[in-house]
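Each chain is listed here by its residues.
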Amino acid sequence: MAERRRPVATMPAPPAAAAAGVRGDAAEPPVLVRRGRWDARRRERLVELGFLAPAVVYVALFFGYPLVKNVVMAFQEYTTRTFFTGEAPWVGLANYTAVLGSSVFSQAVLNTALFTVGSIAGQFVLGLLLALLFRRRFPLSGVLRSLLLLPWLVPLIASSAVWRWILDQDSGVLNQFLRATGLVDGRPGWLTSTSLALLAVVVVNIWIGIPFNTTILYGGLQDIPEELYEAAALDGATGWRAFRHVTWPLLRPVVTVVLVLGVVYTLKVLDIILGLTGGGPANATQTIATQSYQLSFQEFDFGQGAALGNVLIVLSLLFAVLYLRVNRRAVDE
Amino acid sequence: MARRGTVQRRTTAAAVALLAPLALVACGGGDDTAADATGEVTSLTVQDYYNNEPDNTVYQEALEACGQQVGVSIERTSVPGDSLIAKVLQQSSSRTLPDILMLDNPDLQQIAASGALAPLGDFGLSAEGYAEGVVDASTYDGELYGLQPVTNTIALYYNEDVLAQAGVRPPTTWEELKTAAAALTQGDRYGIAFSGINTYEGTWQFLPFMWSNGGSETEIASPENAEALQLWVDLVRSGSASEAVVGWAQADVNDQFKAGNAAMMINGPWQNPTLNETAGLNYGIAPIPVPQAGDEAVAPLGGETWTIPQTGDEARQAAAAEVVECLTSDENQLALAEKRFTVPTKTAVAERYGQQVPEMQAFVDMVPTLRARTGELGEEWPEAATKIYTGVQTALTGGAEPLAALQQAENG
């Protein structure tokens, strides 16, 4: 989306152009008309600022302030008391040492990593396969493609309630099916066993993420010209070889975007875990995000919650920067 | 009334002067004459979490009746239970707290510690005649901050038909509980259901077991607590209780019991309305089994307490105190208890209630020994509660033996 720099008109740019972000770096004007042009330049600059202001205020108020507040809060003893007295004593790095030193933290980091990697891998592979499938036109493909969006449309609280019911150990549909077909002995505790709960949560999150991956990858596939496949077919490349040498290289920029955005979205997943297991059993599905929520809104230790939240923000930021770099390169190509 | 004691008389003249005529009308206490009326307090704001029926109507009517007695109209807001504290914190910082605030009793000390609540002694209210646990829960730093009209706790619910069929009597000791649960487990039906979930509800359900065994929340990794946890582990490992208990909230436990998937359950009287509506279900209520015959059952104190926030308006606070006093009067304790399947918190009133409503006798018996969750640790309770349910979950899922699991949890 990077705006290509256009040659600047000799006349002062109309406000609309200023809003679009055109920078008025004209060549040095002749000395005689300099004064008049300076006035025009200044006016232009003011108009630019006027158009920028709402965006700046918005970003500062709704993104900057909370972020700064969160960073500051992590250095304070910010508890229920603070709300009434307004006092939040500075505690230096105490919140960070408490949070990073707890045994839950290492488990939360491991869980966050497994959850993110597992979810992304599953979502991406299944999403890509489905996108490739829908590239071929077949009866009802349009209907099926819209049905695929369903997980995206159902509120997460509702879908997690349904999944809880499906995965219930004693009376869940899944275990009833497994028992009826004799595939599994006994009743696996999908959400109640420490060895299975994380897997179950990942599977549900994959289900939720497939529509996003399919939609974006399908869009990317649409952009690959049909002629390339025809030319490749003439050279004898069809099927897997066409995918390997035509589809994949041309889809790569989109793939990177999908993966990086997917990581950022998955790192912060809270609702689906809270809805399914609440981070349990015995912290088996506790991630950095759920632990931060637990500290802030269950134990009302907002300082520690903020410290953990900041760890998450830094992690997401790394991937966001990666995304921006990749995105810029993709557009430049 | 008899319990208007010395504390009432200590009320400063200034506060009484501001009381307006409201004090005169309140609760029939005619002896504490107030100065002349300025009568500027005409309405009070009230905030609670009774947003479900029948509680919603019951409290609306009780508050309105008390408001009428005091001479003010009541503007009541009900918020969902899990968002009450967040709302209170927000109101604390914007100084928009209501005149009368209901809090779940284990939350009182944390909010009182913030300075947002007014000591009730300032308005001449005292907790005379209340069960000890109730007073503990509503006291912070030696001052009384709330009055709680009724309480609830948890007990052993059993399916009378299933027990009769199996020839099993309601268990009274841990050994009997294990034997009964095993005998009642059949096919898809478990002997017992309880909540071992990773929230404060899980801790709340575990407390009567650890407390009755002499355990305490001040030392989580104690042999007494480990023994109690061993009982839960035994019930699950023997198959008498489902492994799914680690994911069940109390409402889920109730659903299992209602559906006939459990012959007994640990639950509280707030479930009685839905249980009574369940066709073909005959249930009985017994105290939670104790370690050995003759041991005293110690159950956790449930229920909500009524507080008066520091709004800075003494006239309104005084009027609010009158409403709270009315709401916690003997008559209202009885009325609220009867309508809401709860038990009066004044021991004498509770006894009277037991005679009137025999099916609640199991709960009445527990009132004198009910223990407040915040009694020992005060505002540190949430941290301990988190550790307790974490230890319970670790042991129930086989992560460690009970004592080791509690040790891990205590170390954080």
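Residues numbered from 1 in each chain as written. Chains lettered and ligands numbered in written order. Predicted model: local features only at pLDDT ≥ 70, side-chain atom pairs only at ≥ 80, totals over all residues.

## So, the overall build of chain B
- Along chain B, the regular secondary structure elements total 19 helices and 13 strands.
- Its C-alpha atoms give chain B a radius of gyration of 22 Å, within 12% of the compact-globule value 22 Å for 412 residues.
- The principal-axis extent of the C-alpha atoms belonging to chain B is close to 70 × 45 × 35 Å.
- The proportion of buried residues among the 412 residues of chain B is 55%.
- Contacts in chain B between residues at least 24 apart in sequence constitute 73% of all its contacts with a sequence separation of at least 6. (Helix = DSSP H or I, 4+ residues; strand = E, 2+ residues; numbered from the N terminus. Rg over C-alpha atoms; globule rule 2.2 N^0.38 Å. Buried ≥ 20, exposed ≤ 12 C-beta atoms within 10 Å, placed from the backbone. Contact = placed C-beta atoms within 7 Å.)

## Brief notes about the overall build of chain A
- Tallying secondary structure elements over chain A gives 15 helices and zero strands in all.
- Classification of the 333 residues of chain A by burial places 31% in the buried group.

## Here we look at the sheet that holds strand β3 (residues 100-104) of chain B
Residue and element names in this part refer to chain B.
- Pairing in this open sheet of five strands is mixed, and the strands run β2-β1-β3-β12-β6 from one edge to the other. Looking at which strands have only one partner, the edges of the open sheet turn out to be β2 (73-78) and β6 (146-147).
- Taken together, the four bridges between β3 and strand β12 (residues 304-307) define a ladder with antiparallel strand orientation. From the neighbouring strand, L103 faces β12, where its bridge partner is T305. (Pairing = 2+ DSSP bridges.)

## Quick look at the environment of B:T311
Residues and elements named next belong to chain B.
- Examined against the element boundaries, T311 turns out to sit in the loop between β12 and α14 (314-327).
- Separated by 211 residues in the primary sequence, T311 and I100 have C-alpha atoms spaced 9.8 Å apart.
- Here T311 is in contact with L97, D99, R316 and Q317, once residues within four sequence places are set aside.

## As for the pairing of β3(B)
Residue and element names in this part refer to chain B.
- Buried residues dominate β3, accounting for four of its five residues.
- Pairing of strand β1 (residues 43-48) with β3, which is carried by two bridges, proceeds in the parallel orientation. For V46, the partnering residue across the bridge sits in β3 and is I100.

## Details of the interface of chain A and chain B
- Chain A puts 23 residues into the contact, and the matching count from chain B is 26 residues.
- Element by element, the count of residues in the side of chain A that touches chain B is highest for helix α3 (residues 80-85) of chain A, at five residues.
- Among the residues forming the side of chain A that touches chain B, the class breakdown is five nonpolar, 14 polar and four charged. (Nonpolar A, V, L, I, M, F, W, Y, C, P; charged D, E, K, R; others polar.)

## A word on the domain arrangement of chain A
Residues and elements named next belong to chain A.
- By the assigned domains, chain A splits into domain 1 (48-92) and domain 2 (104-332).
- The partner domain 2 presents eight residues to the 10 residues of domain 1 that form the contact.
- Broken down by element, the residue count for the side of domain 1 that touches domain 2 peaks at three residues, all from helix α2 (residues 34-73).
- Considered class by class, the residues forming the side of domain 1 that touches domain 2 number five nonpolar, four polar and one charged. (Domains from an automatic or database assignment.)

## Observations regarding unusual backbone geometry
- In this chain, A:G280 is followed by A:P281 through a cis amide linkage whose omega measures -10°.
- Summarising the element assignment, A:P281 is placed in the loop between α13 (271-276) and α14 (288-298).
- Here the bond from B:E53 into B:P54 is cis, since omega is 5°, no more than 30 degrees from zero.
- Within the element layout of this structure, B:P54 appears in the loop between β1 and α4 (55-70).

## Regarding the UniProt feature "domain: ABC transmembrane type-1" (unreviewed entry) in chain A
- As annotated in UniProt, the feature "domain: ABC transmembrane type-1" (unreviewed entry) corresponds to residues 109-323 of chain A in the numbering used here.
- With 75% helix and 0% strand, the stretch residues 109-323 of chain A has end C-alpha atoms that lie 22 Å from each other. (UniProt positions renumbered as here; feature names shortened; annotations may be inferred.)

## Quick notes on the sheet that holds strand β8 (residues 155-159) of chain B
Residue and element names in this part refer to chain B.
- Ordered in space as β9-β10-β8-β11, the four strands form an open sheet in which the pairing is mixed. Each of the sheet's edge strands pairs with one partner strand only, and the pair in question is β9 (190-193) and β11 (283-286). The sheet shows a mean angle of 20° between the axes of neighbouring strands, direction not considered.
- Pairing of β8 with strand β10 (residues 262-267) involves four bridges; the strand directions are antiparallel. In the sheet register, L156 faces β10, and the bridge partner there is I266. (Axes fitted to C-alpha atoms, helices over the stretch in contact; angles between N-to-C directions.)

## Some words on the nonpolar core
- Ranked by size, the top nonpolar core spans 128 residues in total, and within it B:I192, B:A193, B:M264, B:M265, B:V323 and B:V324 carry the most contacts.
- Apart from residues no more than four positions distant in its own chain, B:I192 is found in contact with B:A181, B:L235, B:S240, B:A241, B:A262, B:A263, B:M264 and B:M265.
- If you look at the next biggest cluster of nonpolar residues, it comprises 48 residues, including A:V99, A:L191, A:I206 and A:L217. (Core = buried A, V, L, I, M, F, W, Y, C linked by C-beta atoms within 7 Å.)

## Quick notes on the UniProt feature "transmembrane region" (unreviewed entry) in chain A
- Mapped onto this numbering, the UniProt entry annotates "transmembrane region" (unreviewed entry) at residues 46-68, 113-134, 146-167, 187-208, 250-267 and 302-324 of chain A.
- Helix makes up 77% of residues 146-167 of chain A and strand 0%, with an end-to-end C-alpha separation of 26 Å.

## Structural notes on the pairing of β8(B)
Residues and elements named next belong to chain B.
- When you tally the buried positions in β8, you get five out of five residues, the bulk of the element.
- Of the strand pairs in this sheet, β8 and β11 are connected by four bridges, and their pairing is antiparallel. Its bridge partner being in β11, Y158 is matched across the sheet by G284.

## What about helix α15 (residues 330-340) of chain B?
Residues and elements named next belong to chain B.
- Within α15, the full set of buried residues consists of N332, Q333, L334, L336, A337 and R340.
- Lining the buried residues of α15 we find α4, β7 (150-151), α14, β13 (343-344) and α16 (347-356).
- At the C-terminal side of α15, F341 shows a positive phi close to 55°.

## Re the confidence of the model for chain A
- Of the residues in chain A, 88% reach a pLDDT of 70 or more, and the chain-wide mean stands at 86.
- Residue range residues 1-27 of chain A is modelled with pLDDT below 50. Its contacts to residues more than four positions away, or to other chains, number 26 contacts. (pLDDT = per-residue confidence, 0-100.)

## Re α16(B)
All names here are of chain B.
- The set of residues buried in α16 consists of V349, A350 and Y353. For α16, the arc enclosing every buried residue in end-on projection is 100°, short of the 170-degree limit, so these residues lie on one face. Away from its buried face, by an angle of more than 90 degrees, α16 presents the exposed residues A348 and Q355.
- Tucked into the core, α16 has its buried residues touching α15, β13 and α17 (361-366). (Arc of directions from axis to C-beta.)

## Some details on the environment of B:L275
All names here are of chain B.
- Mapped onto the secondary structure, L275 falls in helix α13 (residues 272-277).
- With 19 C-beta atoms counted inside 10 Å, the residue L275 sits in the partly exposed group.
- Taking the C-alpha atoms as reference points, L275 and F257, separated by 18 residues in sequence, lie 9.0 Å from one another.
- Dropping the residues within four chain positions of it, L275 is found in contact with K258, L281 and Y283.

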